[in-house]
Each structure stands twice: as C-alpha cells, then as structure tokens.
Amino acid sequence: VADLHTSPYCFAKLLIPSVSGYQENPSEYIFNRGFALYATMNFMLYQYNDEYVSGETQHVIDWRDERITASFSKVNAQSAQKYRMLGSDV
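These numbers come from a predicted model, not from an experiment.

K.L.:
I would appreciate a short explanation of the overall build of the protein chain in the present structure.
P.N.:
When you go through the protein chain residue by residue, the secondary structure sums to 4 helices and 0 strands. When its helices and strands are written in sequence order, the protein chain yields α-α-α-α. Considering the protein chain as a whole, with its 90 residues, one finds that 16% of them fall into the buried category. Summarising the internal contacts of the protein chain: among those between residues at least 6 apart in sequence, 58% fall at separations of at least 24.

K.L.:
I keep staring at a nonpolar patch on the surface and nothing clicks. Help me out?
P.N.:
A contiguous nonpolar surface patch, about 410 Å² in accessible area, is contributed by Phe-31, Phe-35 and Tyr-38. Of note, Phe-35 is situated in helix α3 (residues 29-54). Classification of Phe-35 as exposed rests on a relative accessible area of 53%.

K.L.:
How should the packing of aromatic side chains be read in this particular structure?
P.N.:
How two aromatic rings sit relative to each other is set out by the distance from centre to centre and by the angle between their planes. Counted by the stated rule, this structure contains 1 aromatic pair. Ring geometry for Phe-31 and Phe-35: centres 6.2 Å apart, planes at 15°, overall stacked. With Phe-31 and Phe-35 both in helix α3 and 4 residues apart, the pair spans about one turn of that helix. Among the residues examined, Phe-31 registers a relative accessible area of 59% and is labelled exposed.

K.L.:
How do you make sense of the side chain of Thr-40 when you look at a structure like this?
P.N.:
With respect to the helices, strands and loops of the structure, Thr-40 is situated in helix α3. Contact partners of Thr-40, with chain neighbours within four places excluded, come to Tyr-9, Cys-10 and Lys-13.

K.L.:
Explanation requested: the side chain of Asn-32 in the structure shown.
P.N.:
Considering the arrangement of structural elements, one finds Asn-32 in helix α3. By relative accessible area, Asn-32 is classed as buried at 16%. For Asn-32, the residues in contact, after removing those within four places along its chain, are Ser-18 and Val-19.

Conventions we followed
- Residues numbered from 1 in each chain as written.
- Predicted model: local features only at pLDDT ≥ 70, side-chain atom pairs only at ≥ 80, totals over all residues.
- Heavy atoms only, no water.
- Helix = DSSP H or I, 4+ residues; strand = E, 2+ residues; numbered from the N terminus.
- Buried < 20%, exposed > 50% of the residue type's maximum accessible area, 1.4 Å probe, protein only.
- Contact = heavy atoms within 4.5 Å.
- Patch = residues over 30% accessible without salt bridge, like charges linked within 9 Å, V, L, I, M, F, W, Y side chains within 5 Å.
- Areas by Shrake-Rupley, 256 points an atom, 1.4 Å probe, with all protein chains shown as cover.
- Salt bridge = Lys/Arg side-chain N within 4 Å of Asp/Glu carboxyl O.
- Phe/Tyr/Trp six-rings, centres within 6.5 Å; stacked < 30°, edge-to-face > 60°.

And the structure:
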C-alpha cells in the first residue's frame, strides 16, 4: 500500500471512525468495512481510468515513499514472527 501514489487514500478505509471505532457496535463492522473498501476502490478505479483516458496524471502529490514501505515490511515481519510463536504454543 505504501508503494502506491495514492497511499493515504488506502489508509483512510481503515482509519475512518465507522471502521476503526467498531468496538461499541461490532455487529456493524463488516458492513462499514465493506462500504469503506467499496468507496475506496471506486475512487481509485475512477481516478486511474481518468488518468488513462486523459493521459494526464490526476494526483498532485506522489505519496510513494521507500522509507514507509521498508518500515511496513519490518513491522509485518515482526508481527509474522510473533504470530508463528503464538501458534507454536498450542
């Protein structure tokens, strides 16, 4: 995700209060998560389509950042290791 020029928009689908604040109403989590994902996908697909048709880049800022990608990779590897250790205890 951090390797996309639209990465902040990808994070929004996870961080909006109706998705991240599901603890008070967990039964609505899947609907809110699905709706946020659907809206994000439509935004990105239409943006890419507009760029393809017009031949022009629609975004002003290129959000790709190798440091963020490397950081996510490191954190994901650490989480995977912890998960494997939890599984070995069973």
